[in-house]
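Here are the chains, one letter per residue:
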Amino acid sequence: MKKLKTILKDQSKTRRSFLKSTLAVGAGGAALSLFPGLTARAEAVSGTIRYSNWIGGPGDIEMWKNVIAAFEAVNPGTKIEYEPVGWTEYWTKLNTQFASRSAPDIIGFQMQSRTWGVEGRFEPLSEPFADLLDDIVSSQLKVTQAPIAGGIEQYGLPFRMVGASLFGNISAMKAAGIEYPSEDWSIDDFVAAAKRLTNADQWGTAVTGGPVDLNQASTFGARPTTLDYSTATFNSPEYTEFIKWQHDLIYKHKVAPPPADLSAQKEPFSSGAVAMFPSASWMYPGYREIENFEWDILPDPIGSHEPKTYAGPDNLGITTDSKNKDLAIAFLRFVFTRASQTEISSTGMPVVIDYLLDESRIAKEAASGPSNYGYFVKGAIERGEGYAFAPPFFEILGHIGDAYALIMNEESADIDGILANANSRIQQALDA
Amino acid sequence: MTSKLIQSATRMPRDSNQTIRKVSLGDITANTILVFLFVVITVPFIWSAIASFQTPHDFVSGKGFLPSEWTLTNYKKVFTDIPMTRMIANGVFIAGTASIGGVFASAIAAFCLAKVNFKGRALYLSIVILTMMIPPAVLLIPFYTIMYALSLIDTPWALILPHLTGSAFAIFFLRQHMLTIPHELHEAATMDGCSIASILFRIYLPLVKGPMSVLIILNFMIHWNDLLGPLIYLNSVEQMTPTAGLSFFRGQFASEYPVLLAGSIVCIVPTTIVFLLFNRQIRQGLLISGLK
Amino acid sequence: MSEVLNIKSPKRTVFWLLVFLFPPTIGLGLVYYSAAQGLTMGFTNWNIISAPKWIGLKNFEQIWNDYRFWLAVSNTLFIVLVTVPAQIGLGLLAAVLLHRIKGKTSSILRFVYFYPTTCSVVALGLMWMFIYDSGGLLNQGLEFVGLESVRWLGYGNALLSVCVLIIWTGFGYISLIYVAGLAAIPEQYYEAAHLDGANSWQQFFYITLPMLTPTTFFLIVVTTIGAMQTFGQVYIINGRADSTLTIVQYIYEKAFTQFSMGYAAALSWILISFILILTVIQVRLQRYWVSYDI
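Report on the accompanying structure. Every chain's residues receive numbers from 1 upward, in the order its sequence appears when written. Here chains are named by letter from A upward and ligands by number from 1 upward, in the order in which they appear as written. This being a predicted model, a pLDDT of at least 70 is required before a residue's local features are given, and a value of 80 or more before pairs of side-chain atoms are given or counted; all residues contribute to the totals for chains, interfaces and linings. Each side-chain value is worked out from all heavy atoms of the structure, with water and hydrogens disregarded.

### Topic: the overall build of chain C
Regarding its fold elements, chain C presents 13 helices and zero strands. Helix and strand assignments follow DSSP, with helices taken as H or I runs no shorter than four residues and strands as E runs no shorter than two, numbered in order from the N terminus. Reading the helices (α) and strands (β) of chain C from amino to carboxyl end gives α-α-α-α-α-α-α-α-α-α-α-α-α. A burial count over chain C gives 57% of its 294 residues as buried. Contacts spanning at least 24 positions in sequence make up 68% of the contacts within chain C whose residues lie at least 6 apart. Classification of residues uses two cut-offs on accessible area relative to the type maximum, computed with a 1.4 Å probe and protein chains only: under 20% is buried, over 50% is exposed, and between them is partly exposed. Residue contacts are defined here by distance: any two heavy atoms, one from each residue, within 4.5 Å place the two residues in contact.

What follows is the structure, encoded as structure tokens:
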């Protein structure tokens, strides 16, 4: 625990708070409820604001309703109008509202603050939240930061994190005589295990081609773009090696199916179709309903580089169209209280460090599954990375997905050519 | 005289071969084709209906065709997770008002464009038809700004008012129909000294009752199924229509497919009822024509 | 055909004309005003967030060099060329067959064929996505008879699969319109032809088809305009690597997921021009084959 605390302190170089050293986290449980900062600023707020967010999965609506109800109970005279929208339609609607300067007071977004904030559509949050910033996982704060003259500005704040892991069908592994792997098992061990797990009824593993790929891609040293999001590296030697390795999984080792042959009707892991499946924390609610077999998170296999853990935030920001900024700020602060973060962590991971590391919380999550939840939390904090969270994120994902569709579904695909094509398109998107 | 014309036109044209009721090769082929089309249309719906009774667990593990246990949980979820009953009421109100009002306005305009000769008529018609070629995406933001300025956002009127002015498709369709009505009918009426208004209301509108019914139903469907409109112009969950409400089950990471299917079926029910209600009108309406 | 109404008092006619055309004119004004606003963006680089800046024809230049645009054009044209004749042909066939059999069966069948049109495009898209799925209805059927399963939504097949969905959805509504048209053909024509010794095929080609030309013309124009604006189906059944990208889908993507409103507006200009040209050609050609009264 202490080691992690030190790592996190080192990461937040720009703002040091000596309050931290007085907090007794250490071995044992966390003993925090509300932050000191919150009680110091209990001004009365009133009025109505609109809050809109997309629906990530079932449970999101319920979660927000509870958080809002708790806030309104503590702050009589306030009303938060919650406007949930389906994921794909959310952006269209937001777009329309932005264009007519009638955006809701608080909105959910991912990485758009880099452009929107700088153009003056988001309220700067560094000052009103100065006391809270240290308490939040700093790798998640980076996504909503934008450089401004004289430093950086926070244009949004993450309210929860999601991340990727390799999921394993423990029952199938036992049946194939494979023991739970140690944390330093290699890529070759992984392929060997996949071979033993592949039979008439199931595949050893599967190839996905999305953000959850990062855990394996990073172990080849591959990234879709450079860390500063200026250059596309989709056809770098490292990434090409990774893609060819994935292609071999399908056609040489025959341990994974061509993606087009995977049925979309059933989820590959919970239906037992794939034994070792790269997936993410947002699938926990679904996976927890698995009755036919035991499952858990497997450690990420190690290649030539240390594997990273995909960990990305969902964020909230206050728009400059808002007419009641005080209330918006008050509500946003409320989102970071322990009670709210507890509610929110039913659909993702909390971003508040102390709560994130809270032993009893980790134990509770592990009890519902996956048992190795602690490994995931450690990975997200120590080696967490976003996946190409550049402003044209969706476009990049589209190009990557297209490349995958062309490469992974054909045995003799022109991998270098397709990757080069996709890379130049990603570069175009980054330059725009 | 007018009534006699109408009477003579209501006899169904008959295929002359049918006087002898013998089953010919033509009949067999015809019926086979019709049955094939019937199967092709119904099977996908039946399959989805069956899936909507599956538990989410069964669906996710892909147990195939028949669910191991039939359950109503999906339908329950549709009505409890979102205020579906209220949404259905909203939908019926919006779709009904918009379609009936819109088709009437279109019929009136179609009459002017078909039977009244005025300067610039061809131009006006072209302007109307031209609107069909404008992709809605272009109109979305300016329209929204106008509605916002009129404070109509989050009210059903934002979705109804634009359609009360008639639709290009309906105007075009009804105009084509009216053009095939011979002018002996209204020449007779003019002799009797009718004004243009009474000609419209007492002769033409009754004659196009059939096509109008078809259009009202079509428009009802379109408005009922409209997804983007309610999502953009409405904010609060209570104002939503069923089709928009369904999108709540399509999340970023996980869509609740069995619930979506159940919800789709719930959405289909009102339009089915409307179609059944109007079916007789259509059948009768289609028989009447103004031709000799 | 223009017919003149001889009204006793022209002044009252004008009054009624103004009253009747008032609502549509408001609607037209609304639409054109919004369209003008929206389309002006085609000459700017507006991205919703910051103020628009005039860039003249730069967008159009970019579009000319945009490989995805040309992909969208070819996909959309493919959809038009496949679905329009197929829907109209199938709809006509169904209408003619329905016309032969009267009564209850006919109206039930009419209802059934029309049913898909009453469902939301999104719901149908979802349904068919599962049917086309690698473990879906079609492949299950193929395996049942011992054939290999097909990648219906694979890169090479996706567009055709979308076309099938469009035809499946649309032919019922077209058949309804044709049924109305068929019912309007007077029986006397057929009787006269029969007396002259014409058989069913000849009756069909020399009476039915010609009398249906106004309806057919209407259907061709409207279905083409609709097909050129295909969006809902491809939005749901998203073929990978732009295999099902249509023009409207590209406009939508540019406008709402990439926030490039200026570029999207420029694309809209081009789409409108395409449709306009196609429609004008069709209207001009109508004098060669459409007859309004026989």
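### So, the nonpolar core
Take the buried Ala, Val, Leu, Ile, Met, Phe, Trp, Tyr and Cys residues and link them wherever side-chain atoms come within 4.5 Å; each set so joined is a nonpolar core. Judged by nonpolar contacts, the single largest core of 323 residues is most densely connected at Trp-64, Trp-116 and Phe-331 of chain A, Tyr-233 of chain B together with Tyr-113 of chain C. Where each domain begins and ends follows an automated or database-derived domain assignment. Of the domains in this structure, domain 1 (2-74) and domain 2 (84-289) of chain B are the two that each give at least three residues to this core. When near neighbours in sequence (up to four residues on either side) are disregarded, Tyr-113 of chain C contacts Leu-34, Leu-37, Phe-38 and Ile-41 of chain B together with Ala-94, Leu-98, Phe-171 and Gly-172 of chain C.

### Some words on the interface of chain B and chain C
Each partner contributes to the interface: chain B provides 90 residues, whereas chain C provides 100 residues. What gets called buried area is simply the loss in accessible area from a 1.4 Å probe that two parts show on being joined, summed for both. For the pair chain B and chain C, the summed buried area comes to about 9000 Å², and 76% of that belongs to carbon and sulfur atoms. Salt-bridge detection follows one rule: a side-chain nitrogen of Lys or Arg within 4 Å of a carboxyl oxygen of Asp or Glu. For the pair chain B and chain C, the number of links is zero salt bridges. Nitrogen and oxygen atoms within 3.5 Å of one another constitute a polar contact, given that in protein one can donate a hydrogen and the other can accept it, and given that sequence-neighbouring residues count only through two side-chain atoms. One can count four residue pairs in polar contact (both at pLDDT 80 or more) joining chain B with chain C. Here the element with the most residues in the side of chain B that touches chain C is helix α2 (residues 25-52) of chain B; it accounts for 16 residues. For this scheme, ten residues count as nonpolar: Ala, Val, Leu, Ile, Met, Phe, Trp, Tyr, Cys and Pro. Four count as charged, namely Asp, Glu, Lys and Arg, and the remainder, Gly too, count as polar. Across the side of chain B that touches chain C, the residue classes break down as 60 nonpolar, 22 polar and eight charged.

### As for the packing of helix α5 (residues 87-99) of chain A against helix α12 (residues 247-257) of chain C
Relative orientation of the contacting elements α5 of chain A and α12 of chain C amounts to 65°, with a least axis distance of 9 Å. Along the contact surface, α5 of chain A presents Thr-88, Trp-91, Thr-92, Asn-95 and Thr-96 of chain A, while α12 of chain C presents Tyr-252, Ala-255 and Phe-256 of chain C. Split into classes, the residues belonging to the contact of α5 of chain A with α12 of chain C amount to four nonpolar, four polar and no charged. Whenever a helix is involved, its axis is fitted only over the stretch in contact; in every case the axis is a line through C-alpha atoms, and angles between N-to-C directions fall within 0 to 180 degrees.

### A closer look at the interface of chain C and chain A
Interface size is commonly expressed as the accessible surface area that is lost when the partners come together. Counting from both sides, the interface comprises 22 residues of chain C and, opposite them, 30 residues of chain A. Carbon and sulfur atoms supply 55% of the area that chain C and chain A bury against each other, a total of about 2200 Å² over both sides. Linking chain C to chain A there are one salt bridge. When the shortest N-O distance is used, the salt bridge between Arg-151 of chain C and Asp-261 of chain A registers 3.0 Å. Run the count over chain C and chain A and you get six residue pairs in polar contact (both at pLDDT 80 or more). No other element matches α12 of chain C, which puts three residues into the side of chain C that touches chain A.

Without other data, these values stay purely geometric and don't point to any function.
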